[in-house]
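Report on the structure
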Amino acid sequence: MAELIGLTKRVVEARLNNTSIKAVSGSMVSYQGQVEFKSAGFGGGAGVLAGLKQKATGESLKLMECTGNGIVHLAQDAQYTTVLQLNNETIQVESRQLLAMAGNLQTNVQFAGVGGMSSGQGLFTTTVTGSGQVALLSAGGPLIHLEVNPNLPLVVDPDAFVSAKGQLQQSFVTDVSWRSMIGQDGGEAFSLRWQGQGVVSIQPAER
């Protein structure tokens, strides 16, 4: 199986041994060995259904497949990178923060609920399910992992949300006063509320 390794804070190294990975199109910054690159479509499944989901949700997760025997270095806009391991699990990811995937993983698009919010963040996310590795991006610094338990729900700014994993339920908080406090009072303000048992990862900078 291919392996993803954090080479530096901002570069992920994909090691291919006659195997393949999927990565965001255009994220390859260098490679060594015999590696072929081809389009892998959009996140959200395969075929026509994936295209319809992409069009309906506005998701822009365009993927490429890297196949062969060698090393591929991946980076995106000098953002920080984090490699997570999935063991027959599902992780929910803001699609623009997904860099690469290795292993037996499938992607889909999940509707988070409530339409019509002006921000558009947190309404549709990409789910990655199975066993393997996922490389995520974060702006402003490394990912911040926040534990959620039944006694301590978590509310986050949708522009800071990156991923969620575990037995978690998402809802919306629309009575938001903090945006007006810092001048972000345009559009329909809302936050994401997570409850249950799991981990929510955020970035220290807004999109």
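Before reading further, recall that the structure is shown in the block above.
Here goes a summary of the coordinates provided.

Conventions we followed
- Residues numbered from 1 in each chain as written.
- Predicted model: local features only at pLDDT ≥ 70, side-chain atom pairs only at ≥ 80, totals over all residues.
- Heavy atoms only, no water.
- Helix = DSSP H or I, 4+ residues; strand = E, 2+ residues; numbered from the N terminus.
- Buried < 20%, exposed > 50% of the residue type's maximum accessible area, 1.4 Å probe, protein only.
- Contact = heavy atoms within 4.5 Å.
- Areas by Shrake-Rupley, 256 points an atom, 1.4 Å probe, with all protein chains shown as cover.
- Phe/Tyr/Trp six-rings, centres within 6.5 Å; stacked < 30°, edge-to-face > 60°.
- Core = buried A, V, L, I, M, F, W, Y, C linked by side-chain atoms within 4.5 Å.
- Salt bridge = Lys/Arg side-chain N within 4 Å of Asp/Glu carboxyl O.
- Polar contact = N/O pair within 3.5 Å; in protein donor to acceptor, adjacent residues only side chain to side chain.

With that settled, the discussion passes to the overall build of the chain. Broken down by element type, the chain carries 2 helices and 11 strands. Along the chain, helices (α) and strands (β) appear in the sequence β-β-β-α-β-β-β-β-β-β-β-α-β when read from the amino end. By residue count, 45% of the 207 residues in the chain fall in the buried class. Summarising the internal contacts of the chain: among those between residues at least 6 apart in sequence, 79% fall at separations of at least 24. Here the chain has roughly 10100 Å² of accessible surface; of this, 50% comes from carbon and sulfur atoms.

The geometry of an aromatic ring pair comes down to the distance between the two centres and the angle between the two planes. Applying the stated criterion across every chain, the model contains 2 aromatic pairs. The interplanar angle of 70 degrees and the centroid separation of 5.1 Å between the aromatic rings of Y31 and F37 together place this pair among those described as edge-to-face. Here F37 falls in the partly exposed class, since its relative accessible area comes to 32%.

Turning our attention to the environment of L99. As for its placement among the helices and strands, L99 is situated in strand β6 (residues 98-111). For L99, a relative accessible area of 1% corresponds to the buried category. Residues contacting L99, with those up to four places away along its chain left out, are V12, K22, A23, V24, S27, L74, A75, Q76, T81, A135, L136 and L137.

Within the element layout of this structure, P142 appears in the loop between β7 (124-138) and β8 (144-148). The exposed category is assigned to P142, whose relative accessible area is 51%. Residues in contact with P142, not counting those within four places in the same chain, are Y80 and P204.

One finds L4, I21 and L74 to be the most contacted residues of the largest nonpolar core, which totals 17 residues. Broken down by secondary-structure element, the contributors of at least two residues to this core are β2 (12-24), β4 (62-74), β6 and β7. The contacts of L74, once residues within four sequence positions are left out, are R10, V11, V12, A14, I21, A23, S27, M28, V29, M64, L99 and A100. Grouped together as the second largest cluster of nonpolar side chains are 15 residues, I91, L105, V134 and L136 included.

Now for unusual backbone geometry. Residue D77 is not a glycine yet carries a positive backbone phi of 55 degrees. Here D77 lies in the loop between β4 and β5 (80-93). Even without being glycine, N88 reaches a positive phi, approximately 55 degrees. Turning to its location among the elements, N88 is positioned in strand β5. Residue classification places N88 among the exposed positions, given a relative accessible area of 65%.

Our focus in this paragraph is the pattern of salt bridges. As enumerated under the stated definition, the model contains 3 salt bridges in all. Residue E13 is joined to R15 by a salt bridge in which the shortest nitrogen-to-oxygen separation is 2.7 Å. Close ionic contact of K38 with E65 constitutes a salt bridge, the shortest N to O distance being 3.8 Å. On the criterion of sequence distance, the pair formed by K38 in strand β3 (residues 28-42) and E65 in strand β4 is long-range, its members being 27 residues apart. On the accessibility criterion, K38 (52% relative accessible area) is exposed.

Let's shift gears to the side chain of E13. Positionally, E13 belongs in strand β2. Overall, E13 belongs to the buried group, its relative accessible area being 8%. Separated by 2.7 Å, the side chains of E13 and R15 make a polar contact. If near-sequence neighbours (up to four positions away) are discounted, E13 is found in contact with E3, L4, I5, L7, I71, V72 and H73.

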